[in-house]
Amino acid sequence: MYAQFFGSYLLSKNAVTPQQLTEAISHLSDSHIRVGTLAMHKGYMTAEEVDEVCFLQTREDKHFGQIALDRNYLFDDQLNYLLKSQSPDYLLLGQNLVDMGALTNAQLETLLVGYQQENKIEEPGSENDIPEETTRLVRNFFYQAGKTLSDNMTMYMNLLFNNLVRFVGGDFTPLTPVFTKEYDTNCTITQVLTGVLPMHTGIDMEPDAAIAFASRYAQMDFDKCDEYVKASLEDFLNLNNGLFSVNMSNTYSKEAELSPPEYTDHQTLALSDDAFVVPVIYPFGTVYLILSPDK
């Protein structure tokens, strides 16, 4: 998630425009090769093993490399070699912006130093982000917006950003959270969590963005915002919240219980006093993450 929050940092410094950033980050997938692809290329894993690990990521909140190690599909030295074959995504993002002419190398150098110092980043990889550092990135992102997250909410937001990367794509930039007590919906999926972290959760987007989001998540081509698109959005939110429940069980031996996800459109949601909405810019449109903690 270093690239995503580096993009947010660049916007906060008025170093680039949202349009320039969206164009640059959309090309990250052209430069970044996933560990699974590298593992197949080197002959370390078969396609079936890679597919299995990708499926297991929908059940376990772990990086691809860790699951492959757990299943003995990779050895430590093989994984280390593959990770070293990658480049940190936020450096690739900076390189893309320089290639576009949006930044000079001198400007990029200054911005990289500031970003690394502000977030205390030390030589991150691009696929195997260090959990402690990504947690600090999430905390700092909200702190800069004037909000201090609880440990549980930090865990939730860290997971949600990670799952966007894993299952929809890492070519996004989160914008400054908006604190509000109500929200006018477009194409919205909501789900209520009870237990260790009671709150109302939701994702919202325009219909065209919903079609693109669902197409990426389901790995199918949808052309209209129908029941299949809505089901895909529901599945993503339920998947994320289900993984969060597993994490809570592992951490506190107490699960977060989930209500069935619900679809709504063109209504006004009443939110709690501590609610916030995080706009996330993708090349295909903006996804709004809605979090409304209960008392």
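The structure we're discussing is the one just above.
Conventions adopted
- Residues numbered from 1 in each chain as written.
- Predicted model: local features only at pLDDT ≥ 70, side-chain atom pairs only at ≥ 80, totals over all residues.
- Heavy atoms only, no water.
- Core = buried A, V, L, I, M, F, W, Y, C linked by side-chain atoms within 4.5 Å.
- Buried < 20%, exposed > 50% of the residue type's maximum accessible area, 1.4 Å probe, protein only.
- Contact = heavy atoms within 4.5 Å.
- Helix = DSSP H or I, 4+ residues; strand = E, 2+ residues; numbered from the N terminus.
- Arc of directions from axis to C-beta.
- Phe/Tyr/Trp six-rings, centres within 6.5 Å; stacked < 30°, edge-to-face > 60°.
- Pairing = 2+ DSSP bridges.
- Axes fitted to C-alpha atoms, helices over the stretch in contact; angles between N-to-C directions.
- Parallel < 35°, antiparallel > 145°, perpendicular 65-115°, else oblique.
- Left-handed = near helix turned anticlockwise from the far one by under 90°.

**Q** Got a sec to walk through the nonpolar core? Specific residues and values, please.
**A** Grouped together as the largest cluster of nonpolar side chains are 70 residues, with contacts concentrated most on Tyr156, Met157, Phe161, Leu164, Leu233 and Leu289. Beyond its immediate sequence surroundings of up to four residues, Leu164 is in contact with Gly169, Phe172, Phe213, Phe236, Val280, Tyr282 and Leu289. Listed in part, the 16 residues of the second largest apolar core include Val35, Ala39, Leu56 and Tyr73.

**Q** Describe unusual backbone geometry, with residues and values.
**A** Backbone geometry at Asn14 places phi at a positive 55 degrees, although glycine is not the residue there. Looking at the secondary structure, you find Asn14 in the loop between helix 1 (2-12) and helix 2 (18-26). A positive phi angle is found at Asn72, which is not glycine, with a value near 60 degrees. With respect to the secondary-structure elements, Asn72 resides in the loop between helix 6 (64-70) and helix 7 (76-84).

**Q** Tell me about helix 7, and name the residues and values.
**A** Residues of helix 7 that are buried: Gln78, Leu79, Leu82 and Leu83. The buried residues of helix 7 all sit within an arc of 130 degrees when viewed along its axis, so they share a single face. In this structure, helix 7 carries Asp76, Asp77 and Lys84 as exposed residues pointing more than 90 degrees from its buried face. Against the buried residues of helix 7 lie helix 4 (35-42) and helix 6.

**Q** Describe the packing of aromatic side chains, listing the residues and the values that go with them.
**A** How two aromatic rings sit relative to each other is set out by the distance from centre to centre and by the angle between their planes. Here the structure, examined in full by the defined rule, presents 18 aromatic pairs. Seen in terms of ring centroids, Phe142 and Phe276 are 5.2 Å apart; in terms of plane orientation they differ by 70 degrees. Their pairing is edge-to-face. Residue Phe142 is located in helix 10 (residues 131-144), and its partner Phe276 is located in strand 9 (residues 276-282); the two are separated by 134 residues in the primary sequence. Since its relative accessible area comes to 0%, Phe142 is described here as buried. The exposure class assigned to Phe276 is buried, which follows from its relative accessible area of 0%. An aromatic cluster is built from Phe5, Phe141, Phe142, Phe161, Phe172, Phe179, Phe276, Tyr282 and Phe284, whose rings are joined through pairwise contacts.

**Q** Report on the pairing of strand 9, specifying residues and quantitative values.
**A** Buried residues dominate strand 9, accounting for seven of its seven residues. Burial of the side chains of strand 9 extends over both faces: Phe276, Val278, Val280 and Tyr282 are buried on one face and Val277, Pro279 and Ile281 on the other. Bridge count between strand 1 (residues 173-174) and strand 9: two bridges; the pairing is antiparallel. Looking at the pairing, Pro174 lines up with Val280 of strand 9. Alignment of strand 2 (residues 178-179) against strand 9, held across two bridges, turns out to be antiparallel. By the bridge assignment, Val178 is partnered in strand 9 with Val277.

**Q** Quick rundown of the packing of helix 11 (residues 151-167) against helix 13 (residues 227-252)? Include the residues and the values.
**A** Axis separation between helix 11 and helix 13 bottoms out at 10 Å; the angle between their running directions is 135 degrees. Accordingly, the angle class assigned to the pair helix 11 and helix 13 is oblique. Classified by chirality, the crossing of helix 13 by helix 11 is right-handed. On the side of helix 11, the interface is formed by Asn152, Met155, Tyr156, Leu159, Leu160, Asn163, Leu164 and Phe167, while helix 13 contributes Phe236, Leu237, Leu239, Asn240, Asn241, Leu243, Phe244, Asn247, Met248, Thr251 and Tyr252.

The analysis is restricted to geometry; functional conclusions fall outside its scope.
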